[in-house]
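Residues per chain are reported as follows:
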Amino acid sequence: MTPEQFLHENQRIERELQHAFERTIPLKLSVAMEEFAKDNFRRAGFEDNGLTPWKTTLRQSLGKGEDALRTPLLSRESKLMNSVQHRYTPYKATVYNDLDYADIHNQGGRIQITERMHKFFWGKYDETKSEMYKWLALKPVGSFINIPKRQFIGNSATLNATIEGIIEAEITKILKI
């Protein structure tokens, strides 16, 4: 290889690496991260060096038919799962869910029963005759509902391995190793 060819090859590698880290890699990573989060819904647990299954819901325990068969965070419309999105910018990949209730499901927490919720639960019970809504409607205003942690987005060794594989494959392709 002549010095001119060497210089040309180094310039090509520099251009392609810059493009990869500004666009290609963040795009591929953000898509992989979104798919990982959605797969956690399908698995009904969080994958991190093995599956950590989610706690069974009241709907599953008390429900009948299709409602009882769905995994903990999947509604009929799968709204929470379908709201998982990705975005990328140069050198950065992000996965997020901007639904109001996504965070409490992902991290767990407590919700205080309000008068409005109380009325909603009675209305849903009248509509569906579901034991779950009856149980919730009978809870006094001011009491709490504990929402267990059902993580679907977060740091995971399994996801990190996928990320490393994507980055390594892109760099290998550019370097033609």
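Residues numbered from 1 in each chain as written. Predicted model: local features only at pLDDT ≥ 70, side-chain atom pairs only at ≥ 80, totals over all residues. Heavy atoms only, no water.

1. A closer look at the pairing of strand β3 (residues 84–89)
For step 1, the next point in the chain: Sheet analysis places β3 next to strand β4 (residues 92–97), joined by 6 bridges and oriented antiparallel. The partner of Gln 85 across the bridge, within β4, is Tyr 96.
For step 2, the next point in the chain: Connecting β3 to the next strand, β4, in antiparallel fashion are 2 residues, including Tyr 91 with a positive phi near 70°. (Pairing = 2+ DSSP bridges. Helix = DSSP H or I, 4+ residues; strand = E, 2+ residues; numbered from the N terminus.)

2. Describing helix α1 (residues 3–43)
For step 1, the next point in the chain: The sharpest bend along α1 reaches about 50° and sits at Ala 20.
For step 2, the next point in the chain: Within two residues after α1, Ala 44 carries a phi angle of roughly 60°, on the positive side. (Bend = angle between axes of the 7 residues up to and from the residue.)

3. Let's talk about the side chain of Arg 12
For step 1, the next point in the chain: Relative to the helices and strands, Arg 12 resides in helix α1.
For step 2, the next point in the chain: Polar contacts involving the side chain of Arg 12 include one to the main-chain carbonyl oxygen of Ile 174, which spans 3.0 Å.
For step 3, the next point in the chain: Beyond its immediate chain neighbours, meaning those up to four positions away, Arg 12 contacts Ile 174 and Lys 176. (Polar contact = N/O pair within 3.5 Å; in protein donor to acceptor, adjacent residues only side chain to side chain. Contact = heavy atoms within 4.5 Å.)

4. Things to note about the packing of aromatic side chains
For step 1, the next point in the chain: Scanning the entire structure with this criterion turns up 7 aromatic pairs.
For step 2, the next point in the chain: On the basis of an interplanar angle of 65° and a centroid distance of 5.9 Å, the ring pair of Phe 120 and Phe 121 is categorised as edge-to-face.
For step 3, the next point in the chain: The class of Phe 120 is partly exposed, set by a relative accessible area of 46%.
For step 4, the next point in the chain: Note on Trp 122 and Tyr 125: the rings are 6.0 Å apart at their centroids and 75° apart in plane angle, and the pair reads as edge-to-face. In this pair, Trp 122 and Tyr 125 are both assigned in helix α6 (residues 115–128), 3 residues apart and thus about one turn of the helix distant.
For step 5, the next point in the chain: Three or more aromatic residues joined by ring pairs form one cluster here, namely Phe 41, Trp 54 and Phe 152.
For step 6, the next point in the chain: When the ring centre of Tyr 96 is taken as reference, the NZ or CZ atom of Arg 87 above it lies at 4.0 Å.
For step 7, the next point in the chain: Over the aromatic face of Tyr 125 sits the side chain of Lys 129, whose NZ or CZ is 5.4 Å from the ring centroid. (Phe/Tyr/Trp six-rings, centres within 6.5 Å; stacked < 30°, edge-to-face > 60°. Buried < 20%, exposed > 50% of the residue type's maximum accessible area, 1.4 Å probe, protein only. Lys NZ or Arg CZ within 6 Å of the ring centre and 35° of its normal.)

5. Remarks on the nonpolar core
A general tendency of soluble globular proteins is for nonpolar side chains to be buried together.
For step 1, the next point in the chain: In this structure, Leu 29, Met 33, Phe 41, Leu 80, Val 84 and Phe 152 are the most contacted members of the largest nonpolar core, which totals 24 residues.
For step 2, the next point in the chain: Among the secondary structure elements, those contributing two or more residues to this core are α1, α4 (79–82) and α8 (157–175).
For step 3, the next point in the chain: Here the element with the most residues in this core is α1; it accounts for 9 residues.
For step 4, the next point in the chain: Ile 113, Tyr 125, Ile 145 and Ile 147 belong to the second-largest nonpolar core, a separate cluster that totals 9 residues. (Core = buried A, V, L, I, M, F, W, Y, C linked by side-chain atoms within 4.5 Å.)

6. Overview of unusual backbone geometry
For step 1, the next point in the chain: The phi torsion at Ala 44 lies on the positive side, around 60°, for a residue other than glycine.
For step 2, the next point in the chain: Along the polypeptide, Ala 44 turns up in the loop between α1 and β1 (45–47).
For step 3, the next point in the chain: In this structure, Tyr 91 takes a positive phi of about 70° despite not being glycine.
For step 4, the next point in the chain: Classification of Tyr 91 by relative accessible area gives exposed; the value is 56%.

7. Considerations on the environment of Phe 152
For step 1, the next point in the chain: The topology assignment puts Phe 152 in the loop between β6 (144–147) and α8.
For step 2, the next point in the chain: Judged by its relative accessible area of 2%, Phe 152 is buried.
For step 3, the next point in the chain: Once the C-alpha coordinates of Phe 152 and Lys 38 are considered, the two residues, 114 residues apart in sequence, prove to be 7.5 Å apart.

8. Observations concerning the pattern of salt bridges
For step 1, the next point in the chain: Counting across every chain of the model gives 8 salt bridges.
For step 2, the next point in the chain: Glu 9 is paired through a salt bridge with Arg 12; the nearest N and O atoms lie 2.5 Å apart. Taken together, the residues span about one helical turn, with Glu 9 and Arg 12 both in helix α1 at a distance of 3 residues.
For step 3, the next point in the chain: Close ionic contact of Arg 42 with Glu 35 constitutes a salt bridge, the shortest N to O distance being 3.2 Å.
For step 4, the next point in the chain: A network of salt bridges, in which partner residues are shared, links Glu 9, Arg 12 and Glu 16. (Salt bridge = Lys/Arg side-chain N within 4 Å of Asp/Glu carboxyl O.)

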